[in-house]
Amino acid sequence: MSEATDTEPGTPLLFARVLDGTGGGRAIDWAGIQEWEPAPQDAGPGDQVLWMHLCRNTPGVYEWLQERIGIPEPTAELLTSDDTRPRAFREGNTLVATLRGINFNPGAEPEDMISMQVWSDGVRLITLRRHPLQTPREILAQIDRGAGPGDVGAIVTALTESMVTRMNASIVDMNEQIDALEDMDMDDDPEAMLGRIATIRRNCLGLKRHMGPQHVAFELISREAPPWFEEHDRREIAETIDRLRRYLDDIDVSKESAVVLMDELRTRALASNERATYMLTIVAGIFLPLGFLTGLLGINVGGMPGVNDGHAFWWVTGICLAIIAVLMAIFKRLKWL
């Protein structure tokens, strides 16, 4: 089943694992979660960390967080709300964060971000989401293979790193699209190109708008996390922050490249319109005196010269051709042609 449908019936649980401290973990159901207690530290690394991944919009989650876990009301409200701006803060010995990942669900655009709330006291880790998110499933697969993180700090760093890594895939895709647009003939279908460029710019703006605050959230996690967030976890978060900075710079480059392409297309379109208008003006300038002449000779009044002359038409035609020649010479002298 997909993550969208595999919650345990009647519960918000998507999955849960009790870590063994060596990269693996055992599954635990909702009933087992209610009774779980961490093993004593002197008993070894196993069964000391519980990770729960919940669907936050399931009825009863808000109350369960307060009554069973003991999370304060404002924090429980944040963990279950749709206020998804990235943030992070320390609350006593707990870490609270809201992070955002790129939406890879069918029909979604890269700028459609999915939020994930995180709460941990170093022993229990709760992650909550509303829409399917692939990142937790990737970490879960590593744990089930026995090659995953061994404690809460390692899970948090793995989640942040995976989110940022997935962001790179969208940036690379946008750069490839820009390269393809640059290689295209701009005269083939400029309207379609403008539409694709506008989509790229919109994606860049969406990613920058959401990932900029996430950069600050990562820094707060690294700087203000409780003592159970170990020094090596902070170093890994610092590496993730550096990578995110580079990606944000790449987004700026992509956005500027899209702007340059759009400006070039618009400049070409404007130049084409100006050439057409200019040629129409030249043609109008040539035919304006001819129209006056033929209009004058076409009035029905007595005394019109050449009415009874069989050669008058050819005289008028010759005069018109002479006027055209004089006008062309004048326009060339004025460098209008």
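Scroll up to find the structure this text is about.
Residues numbered from 1 in each chain as written. Predicted model: local features only at pLDDT ≥ 70, side-chain atom pairs only at ≥ 80, totals over all residues. Heavy atoms only, no water.

Draft legend 1. Layout of the overall build of the protein chain. Each helix and strand in the protein chain was counted, giving 8 helices and 7 strands. Per-residue burial over the protein chain gives 42% buried out of 337 residues. Partitioning the intrachain contacts of the protein chain with sequence separation of at least 6 by distance along the chain shows that 66% fall at a separation of at least 24. About 17,700 Å² of surface is accessible on the protein chain, with carbon and sulfur atoms providing 56% of the total. (Helix = DSSP H or I, 4+ residues; strand = E, 2+ residues; numbered from the N terminus. Buried < 20%, exposed > 50% of the residue type's maximum accessible area, 1.4 Å probe, protein only. Contact = heavy atoms within 4.5 Å. Areas by Shrake-Rupley, 256 points an atom, 1.4 Å probe, with all protein chains shown as cover.)

Draft legend 2. Quick peek at the sheet that holds strand β2 (residues 25-27). Taken in spatial order, the 7 strands of this open sheet run β2-β1-β3-β7-β6-β5-β4, and their pairing is mixed. Two strands in the sheet have a free side with no partner beyond their single neighbour: β2 and β4 (87-91). Across the sheet, the axes of successive neighbouring strands diverge by a mean angle of 20°, strand direction being ignored. In the sheet, strand β3 (residues 49-55) pairs with strand β7 (residues 124-129) via 6 bridges, with the strands oriented parallel. In the sheet register, L54 faces β7, and the bridge partner there is L128. Across the sheet, helix α4 (residues 134-144) lies against β1 (13-19), β2, β3 and β6 (113-120), angled at about 40° from β1, the strand it touches most. Docked against the sheet, helix α5 (residues 152-183) engages β1, β3, β5 (94-102), β6 and β7, running at close to 20° with respect to β5. (Pairing = 2+ DSSP bridges. Axes fitted to C-alpha atoms, helices over the stretch in contact; angles between N-to-C directions.)

Draft legend 3. Spatial organisation of the pairing of β3. Along β3, 7 of the 7 residues are buried, which leaves the element largely enclosed by surrounding structure. In β3, alternate side chains face the same way, and those of V49, W51, H53 and C55 on one face and L50, M52 and L54 on the other are all buried. Both β1 and β3 contribute to a ladder of 6 bridges, which runs antiparallel. Bridging across to β3, F15 finds its partner in H53.

Draft legend 4. Seen up close, the pattern of salt bridges. Scanning all chains against the criterion turns up 4 salt bridges. Note that R17 and D144 form a salt bridge whose closest N and O atoms lie 2.9 Å from each other. Residue R17 is located in strand β1, and its partner D144 is located in helix α4; the two are separated by 127 residues in the primary sequence. Overall, the relative accessible area of 45% leaves D144 in the partly exposed class. The shortest N-O distance in the salt bridge between R245 and D242 comes to 3.0 Å. Remark: D242 and R245 occur in helix α7 (residues 231-297); sequence separation between them is 3 residues, near one turn of the helix. Residue classification places R245 among the partly exposed residues on the basis of a relative accessible area of 37%. Salt bridges sharing common partners tie together E219, D242 and R245. (Salt bridge = Lys/Arg side-chain N within 4 Å of Asp/Glu carboxyl O.)

Draft legend 5. Molecular detail of the packing of aromatic side chains. Summed over the entire model, instances satisfying the criterion amount to 3 aromatic pairs. Summarising the aromatic geometry, the rings of F15 and W51 are spaced 5.0 Å apart at their centres and angled 90° between planes, so their arrangement reads as edge-to-face. Here F15, found in strand β1, pairs with W51, found in strand β3; they are 36 residues apart in sequence, far enough to count as distant. W51 carries the same exposure label as F15, and that label is buried. Pairing W30 with W64 gives two aromatic rings, centres 4.8 Å apart and planes at 40°, and the pair type is tilted. Residue W30 is found in helix α1 (residues 30-35), and its partner W64 is found in helix α2 (residues 61-69); the two are separated by 34 residues along the sequence. Judged by relative accessible area, W64 falls into the buried class, the value being 11%. (Phe/Tyr/Trp six-rings, centres within 6.5 Å; stacked < 30°, edge-to-face > 60°.)

Draft legend 6. Quick peek at the nonpolar core. Core analysis: the biggest nonpolar cluster contains 55 residues, and L99, M167 and I221 have the highest contact counts within it. When residues of this core are traced back to their parent elements, those giving at least two are β1, β3, β5, β6, α4, α5, α6 (190-224) and α7. In terms of residue count, the dominant contributor to this core is α5 (12 residues). (Core = buried A, V, L, I, M, F, W, Y, C linked by side-chain atoms within 4.5 Å.)

Draft legend 7. Here's a closer look at a negative patch on the surface. A contiguous patch of negative charge, built from D173, E176, D179, E182 and D183, is present on the exposed surface. With respect to the helices and strands, the residue E182 is situated in helix α5. Take E182: its relative accessible area is 43%, and that puts it in the partly exposed class. (Patch = residues over 30% accessible without salt bridge, like charges linked within 9 Å, V, L, I, M, F, W, Y side chains within 5 Å. Lys, Arg positive; Asp, Glu negative; His and termini not counted. Charge placed at Lys NZ, Arg CZ, Asp CG, Glu CD.)

Draft legend 8. Highlighting helix α3 (residues 73-80). If you check which residues of α3 are buried, you get T75, A76, L78 and L79. Along the axis of α3, the buried positions cluster into a sector of 160°, meaning they face one direction only. At its buried positions, α3 is contacted by α2, β4, β5, β6 and β7. (Arc of directions from axis to C-beta.)

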